[in-house]
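Understanding the architecture of this molecule
Each chain, letter by letter, is given below.
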Amino acid sequence: MTKHRKLVSTAVCTSMLAVVLLAGACGKSGQEHAFEPAAAEQELMVTPQVEESAPIERKLIREGNLSFETDDLMGAQRDLDSLIKQYKGYVTADQSFHTYGRESRSLTVRVPADNFDALVTAVGQVAQRIDQRDIRTQDVTEEFVDVEARLRTKKELEIRYLKLLDRAANVEEILAIEQQIGTLRADIEATEGRLRYLSNQSDLSTLNISYYRPIPTTREFSRRFKDGFGNGWENFVDFIIWIINGWPFFVVLAAAMFAWKRWWTKRRQRKGVSESNSR
């Protein structure tokens, strides 16, 4: 029954295509033939054929966050690098932080989906204490199948447009068909990009790993005091150098102040003499 439907569908599609091509090749028949892209697209569009039922491969996007404490930051780093290599993953982001009372590091790891659970378990064994464990799974099977079907239909339509282009009777028809092909090609590329994204996200899972080492408060205070003393001395040296570099400005400023003081003193003296004479 399925084969019969497929044969009927193929026959109908072939007939539609033949009618359109024949109409394009006729030229004039009582009046000028006009090519209508919208009508042609309806003619060229085919109803997706019913395929034999086959098991559908699930497309799952898995992401996770792990945060833990360790007393040896460098040792944890070596262990994680070894685990990532063992489970055929790779690091896409690596950040280190040093805040008051804590040293920390953050990794973003992409790993084959089949190795995701094993890597999560192995990382948990490295941790001294797990602070956060968040695993999420998103099923995109339905979207993947839908995008794949739409892509297949668009490509079939593009092939039929190209065949119709070979049969175009005049420049007007050629331009109209090429415009439709350009729009269709843009849709195909966008659909292929979405399909690649879904495939990549489902084939490779993402695991964000954050781990830290607490720093004793007394040790941190000593370090900050030492750094503060060093920074203060550097700022003092910078200030002296700034003064030395700006000595011409200070000389000019001192000369201007000296001249102004002399003028002010003379003015007061003249004013005092004038007041004495008036008495």
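Residues numbered from 1 in each chain as written. Predicted model: local features only at pLDDT ≥ 70, side-chain atom pairs only at ≥ 80, totals over all residues. Heavy atoms only, no water.

**Considerations on the overall build of the chain**
When you go through the chain residue by residue, the secondary structure sums to 8 helices and 5 strands. The buried share among the 279 residues of the chain stands at 27%. The long-range share in the chain, meaning contacts at least 24 apart out of those at least 6 apart in sequence, stands at 81%. Element-wise, carbon and sulfur atoms account for 56% of the exposed surface of the chain, whose accessible area totals about 19600 Å². (Helix = DSSP H or I, 4+ residues; strand = E, 2+ residues; numbered from the N terminus. Buried < 20%, exposed > 50% of the residue type's maximum accessible area, 1.4 Å probe, protein only. Contact = heavy atoms within 4.5 Å. Areas by Shrake-Rupley, 256 points an atom, 1.4 Å probe, with all protein chains shown as cover.)

**Let's talk about helix α3 (residues 73-86)**
End to end, α3 covers 20 Å across 14 residues, agreeing with the expected 20 Å (1.5 Å per residue, within 8%). Within α3, burial applies to Leu73, Gly75, Ala76, Leu80, Leu83 and Ile84. Angular distribution of buried residues about the axis of α3 spans 165°; they occupy a single face of the element. Away from its buried face, by an angle of more than 90 degrees, α3 presents the exposed residues Arg78 and Lys85. Considering only its buried residues, α3 is in contact with β1 (60-69), β2 (90-99), β3 (102-112), α4 (116-126) and β5 (204-214). For α3, the N-terminal cap is aspartate 72; the gap from its side-chain oxygen to the backbone nitrogen of methionine 74 is 3.5 Å. Phi for lysine 88, located one or two positions after α3, is positive at around 60°. (Expected span 1.5 Å × (residues − 1). Arc of directions from axis to C-beta. Polar contact = N/O pair within 3.5 Å; in protein donor to acceptor, adjacent residues only side chain to side chain.)

**Brief notes about the pattern of salt bridges**
Scanning all chains against the criterion turns up 12 salt bridges. A salt bridge links aspartate 117 to arginine 62; its shortest N-O distance comes to 2.9 Å. Of this pair, aspartate 117 sits in helix α4 while arginine 62 sits in strand β1; the two residues are 55 residues apart in sequence, bridging distant segments of the chain. On the accessibility criterion, arginine 62 (18% relative accessible area) is buried. A salt bridge links arginine 194 to glutamate 143, with the nearest nitrogen and oxygen atoms 2.7 Å apart. Taken together, the residues span a long stretch of sequence, with arginine 194 in helix α6 (residues 171-203) and glutamate 143 in helix α5 (residues 141-166) at a distance of 51 residues. By relative accessible area, glutamate 143 is classed as partly exposed at 31%. Three or more residues joined by partner-sharing salt bridges are found here, namely Glu63, Asp134 and Arg136. (Salt bridge = Lys/Arg side-chain N within 4 Å of Asp/Glu carboxyl O.)

**Notes on the packing of aromatic side chains**
Evaluation of the coordinates by the stated rule reveals 1 aromatic pair. Ring geometry for phenylalanine 68 against tyrosine 211: centres 5.4 Å apart, planes inclined by 10°, an arrangement best described as stacked. In this pair, phenylalanine 68 sits in strand β1 while tyrosine 211 sits in strand β5, placing the two residues 143 residues apart along the sequence. The pair formed by phenylalanine 68 and tyrosine 211 is uniform in burial state, with each residue classed as buried. Lying over the aromatic face of tyrosine 212, arginine 102 brings its terminal NZ or CZ to 3.7 Å of the ring centre. (Phe/Tyr/Trp six-rings, centres within 6.5 Å; stacked < 30°, edge-to-face > 60°. Lys NZ or Arg CZ within 6 Å of the ring centre and 35° of its normal.)

Function-wise, these values are silent; they only describe arrangement.
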